[in-house]
Amino acid sequence: MDKEMIGLICKVTATTSAGLFAGSGLGSNFTTMPAMLKIEDTSALRVGWKHHFLLGKKYMGRCAQLSFLAGCSTCYLDTTETKYYWLAGAFCMFFIFPFTAIVMMPDIQKLLKDDVIATRGVDWVRSSINTWDKRHFKRSMASTIGFGIFLYALYNRQYHPSLDHLMGLIEARCSTENGDGPSFSICSNIYRSLHCLAHLHSLHSVNNMEKEMVGEICKVSATAFCGLFAGSALGSNYTTMPALMKIEDTSALRVGWKHHFLLGAKMMPCLALGSMLSGGVACYLDNTDAKYYWLAGAGCMAFILPYTKAVMLSDIHKLLKDDVIEERGADWVRENINTWDKRHFVRSMASTVGFGIFLYALYNRK
């Protein structure tokens, strides 16, 4: 196996692993932990958090390790100007390990003790779990930045500097409309970008410069949204749901699942729609042979919405009723929450396949 092929494997591994970590981390912050903190029984809350942490330690720890090692290997093997971006992304993933050991581990070790509620009290346990969530958010942000850097480096494998070229297209458009020159202010650049996009009244009326700009932005956006969706969905399957199922009190389990679902119902459709629409637009504007890969990836994300409605929604409505345990029994509730998790895994796989297709198309674009 030659160096180029090893480098390609390392690039894809670093980007994929960082995306899965970032999605899982943000999913924990925005859905899992707020849902668990809704459980009034602190003992049940601690059991759920304990298993969520232990399972996440395996799943997310491996993602971080793979991303860091693959990023460093890519930097070593890469001979282009982007090699140091891979090192920067790897550094973001490496930051997670000392941060966890120095800042988070002392309280984690206390929370893992089975007698922690008896020795330190209910309020301390709830407060410490909430503090853990806030500190974990810093890891989520570090991995999201690393994922973004890796995507930038993967995008720029042929065109140097591609994103600068995109900004030049944006500035040229805005300068034409406004009659002024480019600004080097970050805020001004963002404003100009949004101002430019706001004036694209129809895809049929934009010129080639604008099509290229919009198409390239959509390619990166589709890949990023899909990666975050896949990471969050897999995080739910491998950490959140197994942790909630460890809670013996079915009422507490249902409360945790209910809020996990409701919060996810706000976050996940936004990522799915963002990826689907971006992929569709990228396909429409792409004139190369790779255009149908963007359509295929968008199709994977589009599959999720009708699948949820046709296969999952009926039982979801039943589980969301507050009197479901009295009406159908604890065994039915536990069994159907477990069934929901299995059905959700299909959505996780669809988004993971879509993420892989988008990464392939992004790397192989002409």
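Residues numbered from 1 in each chain as written. Predicted model: local features only at pLDDT ≥ 70, side-chain atom pairs only at ≥ 80, totals over all residues. Heavy atoms only, no water.

Visitor: Residue-level account of the packing of helix H10 (residues 291-320) against helix H12 (residues 330-363), with values.
Guide: Relative to each other, H10 and H12 sit at 170°, their axes nearing to 8 Å. Taken together, the axes of H10 and H12 are roughly antiparallel relative to one another. Its residues placed into classes, the contact of H10 with H12 shows 25 nonpolar, six polar and four charged. (Axes fitted to C-alpha atoms, helices over the stretch in contact; angles between N-to-C directions. Helix = DSSP H or I, 4+ residues; strand = E, 2+ residues; numbered from the N terminus. Parallel < 35°, antiparallel > 145°, perpendicular 65-115°, else oblique. Nonpolar A, V, L, I, M, F, W, Y, C, P; charged D, E, K, R; others polar.)

Visitor: Any details on the packing of helix H9 (residues 250-285) against H10? Residues and values, ideally.
Guide: Where H9 meets H10, the closest approach of the two axes is 9 Å, and the angle between their N-to-C directions is 155°. One element, H9, and the other, H10, form an angle in the roughly antiparallel class. The handedness of the crossing between H9 and H10 is left-handed. Its residues assigned to classes, the contact of H9 with H10 comprises 17 nonpolar, three polar and three charged. (Left-handed = near helix turned anticlockwise from the far one by under 90°.)

Visitor: Would you mind going over the pattern of salt bridges in detail, with residue names and values included?
Guide: All told, the structure shown has 10 salt bridges when counted by the stated rule. The salt bridge partner of Lys 219 is Glu 216, with a shortest N-O separation of 3.2 Å. One end of the pair, Lys 219, and the other, Glu 216, are both in helix H8 (residues 208-245), three residues apart, so they sit about a helical turn from each other. Residue Lys 219 is classed as buried on the basis of its relative accessible area of 6%. With a closest N to O distance of 3.1 Å, Arg 343 and Asp 315 form a salt bridge. Of the two residues, Arg 343 sits in helix H12 while Asp 315 sits in helix H10, which places them 28 residues apart along the sequence. (Salt bridge = Lys/Arg side-chain N within 4 Å of Asp/Glu carboxyl O. Buried < 20%, exposed > 50% of the residue type's maximum accessible area, 1.4 Å probe, protein only.)

Visitor: Describe the environment of Met 312, naming the residues involved and giving the relevant values.
Guide: By the element assignment, Met 312 lies in helix H10. Judged by relative accessible area, which is 1%, Met 312 ranks as buried. Separated by 27 residues in sequence, Met 312 and Thr 339 have C-alpha atoms that sit 9.2 Å apart. Excluding residues within four positions of it along the chain, Met 312 makes contact with Tyr 307, Trp 340, Arg 343, His 344 and Arg 347. (Contact = heavy atoms within 4.5 Å.)

Visitor: Give me the lowdown on the side chain of His 52, citing residues and values where you can.
Guide: Structurally, the position occupied by His 52 is in helix H2 (residues 42-77). Given a relative accessible area of 6%, His 52 falls into the buried group. His 52 has contacts with Ser 28, Thr 32, Met 33, Met 36, Trp 132, Thr 239, Thr 240 and Ala 243, leaving out every residue within four places of it along the chain.

Visitor: Break down a nonpolar patch on the surface for me, citing the residues and quoting the values.
Guide: A surface patch of nonpolar side chains, about 250 Å² in accessible area, is lined by Phe 30, Phe 137 and Met 141. Turning to its location among the elements, Phe 30 is positioned in helix H1 (residues 3-36). You can call Phe 30 partly exposed: its relative accessible area is 44%. (Patch = residues over 30% accessible without salt bridge, like charges linked within 9 Å, V, L, I, M, F, W, Y side chains within 5 Å. Areas by Shrake-Rupley, 256 points an atom, 1.4 Å probe, with all protein chains shown as cover.)

Visitor: Give me the environment of Ser 24: which residues, what numbers.
Guide: Within the fold, Ser 24 resides in helix H1. The buried category is assigned to Ser 24, whose relative accessible area is 6%. Separated by 209 residues in the primary sequence, Ser 24 and Ala 233 place their C-alpha atoms 7.3 Å from one another. Ignoring sequence-local partners within four residues, the contact set of Ser 24 consists of Tyr 59, Met 60, Gly 231, Ser 232 and Gly 235. A distance of 2.9 Å separates a polar side-chain atom of Ser 24 from the backbone oxygen of Leu 20. (Polar contact = N/O pair within 3.5 Å; in protein donor to acceptor, adjacent residues only side chain to side chain.)

Visitor: Hey, could you go over the packing of aromatic side chains for me, with residue numbers and the actual values?
Guide: Scanning the entire structure with this criterion turns up 16 aromatic pairs. Their ring planes at 85° and their centres at 6.2 Å tell us that Phe 30 and Phe 137 sit as a pair that is edge-to-face. Here Phe 30 is found in helix H1, whereas its partner Phe 137 is found in helix H5 (residues 122-155), with 107 residues between them in sequence. According to the relative accessible area criterion, Phe 137 is partly exposed, its value standing at 32%. When the centroid spacing of 5.8 Å and the interplanar angle of 80° are considered together, the rings of Trp 257 and Trp 340 count as edge-to-face. With Trp 257 in helix H9 and Trp 340 in helix H12, this residue pair connects regions lying 83 residues apart in the sequence. The pair formed by Trp 257 and Trp 340 is uniform in burial state, with each residue classed as buried. Grouping aromatic residues by their ring pairs yields a cluster made of Trp 49, Phe 53 and Trp 132. Its end group placed over the ring of Tyr 84, Lys 83 keeps NZ or CZ at 5.7 Å from the ring centre. Above the ring of Trp 332, the side-chain terminus of Arg 328 is found at 4.8 Å from the ring centroid. (Phe/Tyr/Trp six-rings, centres within 6.5 Å; stacked < 30°, edge-to-face > 60°. Lys NZ or Arg CZ within 6 Å of the ring centre and 35° of its normal.)

Visitor: Could you give an account of the nonpolar core, naming the residues involved and the relevant values?
Guide: Inside soluble globular proteins, nonpolar side chains tend to come together where they are buried. In this structure, Phe 21, Trp 86, Met 93, Phe 147, Phe 229, Trp 294 and Met 301 are the most contacted members of the largest nonpolar core, which totals 52 residues. Within the residue set of this core, elements represented by two or more residues are H1, H2, helix H3 (83-111), H5, H8, H9, H10 and H12. Ranked by residue count, the leading element in this core is H8, at 11 residues. Counting residues in hydrophobic clusters, the runner-up holds 31 residues, among them Phe 99, Leu 111, Val 125 and Ile 129. (Core = buried A, V, L, I, M, F, W, Y, C linked by side-chain atoms within 4.5 Å.)

Visitor: Quick rundown of the environment of His 136? Include the residues and the values.
Guide: Relative to the assigned elements, His 136 resides in helix H5. Here His 136 falls in the buried class, since its relative accessible area comes to 2%.

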